[in-house]
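Structure at a glance
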Amino acid sequence: TNPTTNVGTFSPIDMLEKVKNLGKLWMQPVSVQDNRPRSFIFDESQNFDNLMNTWNITVDGGADWAHLVTWNDYSEGTQFNPSVRHGWINLDISSYWIAKMRTGLEPPIIRDVLYLSHRTQFLSANTTFVTAKPMIIREGSSPARDTIQVLAFLKSAGEIRVSAGNTQYNCTVGSGISTCTFPLQLGNVSAYLYREGKLISSVISPLEVEERPYNQNLDYAVSSSRRDVNGAPIPDPTSEESSSSSSSTSDAGTSNTNPTSSTTQRISGVSGSIRNAKALGLLSITSSFLYELIPT
C-alpha cells in the first residue's frame, strides 16, 4: 500500500503504462485499508492516503477499469460496503474519482465537506483481552503511524481546527481537495471548518481513542460532516435540499430518486453510455454529496 512514488521505473504508473503500450487493458485496484486478525498482519493505509493514492493512480494512469478491493471482505478489513465504522463514506469519497474517470472532467465542488479518519487505539496499546498473536505490519507496507487526518473538499480556502482529547490542532487549506494530518491523542476527536472566523462545517467522531481497549483493532474509523451517525445525509443549510422538508431518504441515505434519471443522462451525454450498472448505481448513490457530476 501507498508506494513512496507513483512515477519512475516499476512504480504503479510505470507498470500500468507498460501494459497499455502492449495494447492490453489494465484494471487498477483501488483499496481503503487491509487489517487481517485471522492472518495476524495488517497494511498501513495512513488514514485516507491509500484510498486517494490508488484512485490517483487509476485516473492519472488512464486505467481502463477500476477494481474496488473489496466490497465485503470484513475478515480482511478491506470492505467498501457500508458498515458501522465506515458508513457510506469511502463510497462518497470514491464517487469524486469515479466521475473524473468516467467523464475526464474535474467535478466542481459545490459543498464544503470534511471527512475525519482515526484509529480508536494506539498501535502499541495494551489490550484487556490478551491476544495470543496480535497483528504485525506486513513486510513492504507503508510505515505504521498513529495519526488523525481530515480530508477536506472545499469550495474556497478555510481554516481547519481539530480537537483531539485535550489537544488542539489547526491548518489552513485552499479550495479543492486537501488533507491535514496530526498526531493521534486519547479521547474524543472532532474537526471544524472556519472561514473568516465563522463556523462553516463540523464533524464529530462517534468513537473515542482508548488507552487500553478490549482487543486489538487497527481499523481506521471514519466520519463525515455530510452524514449523521446512522449514515443519513445531513442537509446543507445553504442548499435547496434543506428547504425540502417533504423529501424522503432511502436505505442508502439518499433521496428516493430513480438511479437512472437525470444524473445518468448527463453522464451518457458526455462520456457515452455506461455499461457497468454497478458503477452507475454507485455514482447515483454518492454524487450528490460532493459535486455536480457535469458542469452546466
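Going by the structure above, here's the rest.
Report follows, based on the coordinates. All values reported here derive from a predicted model rather than from experimental measurement.

1. A closer look at the overall build of the protein
Helix and strand counts for the protein stand at five helices and 13 strands. Here the protein holds 296 residues, and the buried ones make up 47% of them. Sequence-distant contacts, at least 24 apart, represent 70% of the contacts inside the protein between residues at least 6 apart. For the protein, the accessible area works out to roughly 14,800 Å², and carbon and sulfur atoms hold 52% of it.

2. Observations concerning the pairing of strand 13 (residues 221–224)
The two faces of strand 13 match: Ala221 and Ser223 on one face and Val222 and Ser224 on the other face are all buried. As paired strands, strand 5 (residues 113–118) and strand 13 are joined by four bridges and run antiparallel to one another. Across the sheet, Leu116 pairs through a bridge with Ser223, a residue of strand 13.

3. Overview of the sheet that holds strand 8 (residues 158–164)
The strands that make up a sheet are held in pairs by hydrogen bonds between backbone atoms, and each pair lies either parallel or antiparallel. Spatially, the four strands line up as an open sheet ordered 9-8-11-12, and their pairing is antiparallel. The outermost strands of the open sheet, each flanked by one partner alone, are strand 9 (167–173) and strand 12 (198–204). Geometrically, the sheet is characterised by an average inter-axis angle of 20° between neighbouring strands, direction not taken into account. When strand 8 meets strand 9, the two strands line up antiparallel, connected through seven bridges. Within the sheet, the bridge partner assigned to Ala164 lies in strand 9 and is Thr167.

4. With respect to helix 1 (residues 12–21)
Buried residues of helix 1: Pro12, Ile13, Asp14 and Leu16, and no others. Here the buried face of helix 1 lies against strand 1 (27–31) and helix 2 (49–60). Positioned one or two residues after helix 1, Gly23 has a phi angle of 80°, which is positive.

5. So, the pattern of salt bridges
Tallying each qualifying case throughout the model produces 14 salt bridges. The shortest N-O distance in the salt bridge between Asp43 and Arg138 comes to 2.9 Å. Taken together, the residues span a long stretch of sequence, with Asp43 in strand 3 (residues 41–43) and Arg138 in the loop between strand 6 (136–137) and strand 7 (147–154) at a distance of 95 residues. When its relative accessible area of 8% is taken as the criterion, Asp43 is described as buried. Since its relative accessible area comes to 30%, Arg138 is described here as partly exposed. Within this structure, Asp34, Arg36, Arg38, Asp43, Glu76 and Arg138 form a network of salt bridges that share partners.

6. Comments concerning the packing of helix 2 against helix 3 (residues 89–103)
The description of two helices packed together rests on the angle between their axes and the distance between the axes. In the contact formed by helix 2 and helix 3, the axes pass within 10 Å of each other and the chain directions differ by 15°. In terms of axis orientation, helix 2 runs roughly parallel to helix 3. Note on packing geometry: the crossing formed by helix 2 with helix 3 is right-handed. For the pair helix 2 and helix 3, contact is made by Leu51, Met52, Trp55, Asn56, Thr58 and Val59 and by Asn90, Ile93, Ser94, Trp97, Ile98, Lys100 and Met101, respectively. Of the residues that constitute the contact of helix 2 with helix 3, the class distribution is eight nonpolar, four polar and one charged.

7. Points about the side chain of Arg119
Positionally, Arg119 belongs in the loop between strand 5 and strand 6. The exposure class of Arg119 is buried, given its relative accessible area of 2%. Polar side-chain contacts of Arg119 include one of 3.1 Å to the backbone oxygen of Arg145. Of note is the side chain of Arg119, whose polar atom sits 3.2 Å from the side chain of Tyr220.

8. Here's the deal with the state of the cysteines
One pass over the full model with this rule turns up one disulfide. Disulfide pairing is shown between Cys171 and Cys180; the S-S distance is 1.8 Å. The S-S bond linking Cys171 to Cys180 shows a torsion near 85°; that makes this disulfide right-handed. The residues Cys171 and Cys180 share a single accessibility class, namely buried.

9. Notes on the packing of aromatic side chains
Applying the stated rule across the entire model yields six aromatic pairs. An angle of 35° between the planes, with centres 5.4 Å apart, marks the rings of Phe129 and Tyr214 as tilted. Remark: Tyr214 occurs in the loop between strand 12 and strand 13 and Phe129 occurs in the loop between strand 5 and strand 6; sequence separation between them is 85 residues. Phe129 gets classed as partly exposed once you look at its relative accessible area, which sits at 42%. Residue classification places Tyr214 among the exposed positions, given a relative accessible area of 54%. Seen from their ring centres, Tyr169 and Phe182 are 4.7 Å apart, and the 10° between their planes marks the pair as stacked. Here Phe182 lies in strand 10 (residues 176–183) and Tyr169 lies in strand 9, a separation of 13 residues in the sequence. With a relative accessible area of 15%, Tyr169 lands in the buried category.

What counts and what doesn't
Residues numbered from 1 in each chain as written. Predicted model: local features only at pLDDT ≥ 70, side-chain atom pairs only at ≥ 80, totals over all residues. Heavy atoms only, no water. Helix = DSSP H or I, 4+ residues; strand = E, 2+ residues; numbered from the N terminus. Buried < 20%, exposed > 50% of the residue type's maximum accessible area, 1.4 Å probe, protein only. Contact = heavy atoms within 4.5 Å. Areas by Shrake-Rupley, 256 points an atom, 1.4 Å probe, with all protein chains shown as cover. Pairing = 2+ DSSP bridges. Axes fitted to C-alpha atoms, helices over the stretch in contact; angles between N-to-C directions. Salt bridge = Lys/Arg side-chain N within 4 Å of Asp/Glu carboxyl O. Parallel < 35°, antiparallel > 145°, perpendicular 65-115°, else oblique. Left-handed = near helix turned anticlockwise from the far one by under 90°. Nonpolar A, V, L, I, M, F, W, Y, C, P; charged D, E, K, R; others polar. Polar contact = N/O pair within 3.5 Å; in protein donor to acceptor, adjacent residues only side chain to side chain. Disulfide = S-S within 2.5 Å. Phe/Tyr/Trp six-rings, centres within 6.5 Å; stacked < 30°, edge-to-face > 60°.

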